[in-house]
Amino acid sequence: MTSTRRIFALPIIGTALALIAFAIAIGAKDAGPGTGTRLTVMIESTSPEAREIAGRVIKERIDWDGVGGRMIPAGDRVIVELGTQDSAVIATVVELLERPAKPGVNMPAVPETAAAADAAAAPPLRVTRREPFTRATGFLPRVWPFLAIAGVMLVLAAWLWFSQRKK
């Protein structure tokens, strides 16, 4: 009977170790800003090329070092997380994002750089939602639920492995 319990314990141990590895990967990943404003930017085109160009234009238009944040592509929209809740900064960023590309205005007729070509070919962008957010950004606050589950699984596996049936 002990060998049967050990056979049941092995997959539990393996799953717990995989869960620990997953938790470490989640904890090591950049979480972005802890508080700020989340903007949902709609891309007015369905072509994958236009979405890619829009993503590059968004990265280029925002001063990421000054504001802090990250950009997350999500199909026909892009989620932009800014590390500020200052309404003046948010209004400026929204204005920059929604600014249409106008060939010939502040841009040469023949784009000399890939960035200028992207700006001219970018589909219209529209900010549809603004909302404040907060989230845990430390390693332990993001990882502890996974480690707790893995710990319970390891205790169960140890009980199965070392327990003996009473005779």
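Residues numbered from 1 in each chain as written. Predicted model: local features only at pLDDT ≥ 70, side-chain atom pairs only at ≥ 80, totals over all residues. Heavy atoms only, no water.

**A closer look at the nonpolar core**
Counting residues in each nonpolar core, the largest one holds 18 residues, and the members touching the most others are Leu-39, Ile-58, Ile-62, Val-80, Leu-82 and Leu-97. Of all the secondary structure elements, the ones that give two or more residues to this core are β1 (35-43), α2 (48-61), α3 (64-67), β3 (77-82), α4 (87-98) and β4 (125-134). Looking at this core element by element, the count peaks at 4 residues for α4. With near-sequence residues (within four places) excluded, Leu-39 lies in contact with Val-78, Ile-79, Val-80, Leu-82, Ile-90, Val-93, Val-94, Leu-97, Val-127, Arg-129 and Arg-130. Counting residues in each nonpolar core, the second largest holds 8 residues, with Ala-9, Ala-16, Met-153 and Leu-160 among its members. (Core = buried A, V, L, I, M, F, W, Y, C linked by side-chain atoms within 4.5 Å. Buried < 20%, exposed > 50% of the residue type's maximum accessible area, 1.4 Å probe, protein only. Helix = DSSP H or I, 4+ residues; strand = E, 2+ residues; numbered from the N terminus. Contact = heavy atoms within 4.5 Å.)

**Looking at helix α1 (residues 2-28)**
Relative to the 39 Å expected for 27 residues at 1.5 Å per residue, α1 spans 39 Å between its end C-alpha atoms, a close match to the ideal helical length. Those residues of α1 hidden inside the fold are in contact with α6 (139-162). (Expected span 1.5 Å × (residues − 1).)

**What to know about the confidence of the model for the protein**
Here the protein averages 81 in pLDDT, and 86% of its residues register 70 or above. Here helix α5 (residues 114-121) stands out as the least confident element of the protein, with mean pLDDT 53; α6 is the most confident, with 94. Here residues 104-111 scores under 50 on pLDDT; set against residues more than four positions off or in separate chains, the count is 4 contacts. (pLDDT = per-residue confidence, 0-100.)

**Thoughts on the sheet that holds β1**
Spatial strand order, β2-β3-β1-β4: 4 strands in an open sheet with antiparallel pairing. Bordering the open sheet on either side are β2 (69-74) and β4, each of which pairs with just one other strand. For this sheet, the mean inter-axis angle between neighbouring strands, taken without regard to orientation, is 20°. Inspection of the sheet shows β1 paired to β3 by 6 bridges, in the antiparallel sense. Of the residues in β3, the one forming a bridge with Thr-40 is Ile-79. Against the sheet, α4 touches β1, β3 and β4, its axis set at about 150° to β4. (Pairing = 2+ DSSP bridges. Axes fitted to C-alpha atoms, helices over the stretch in contact; angles between N-to-C directions.)

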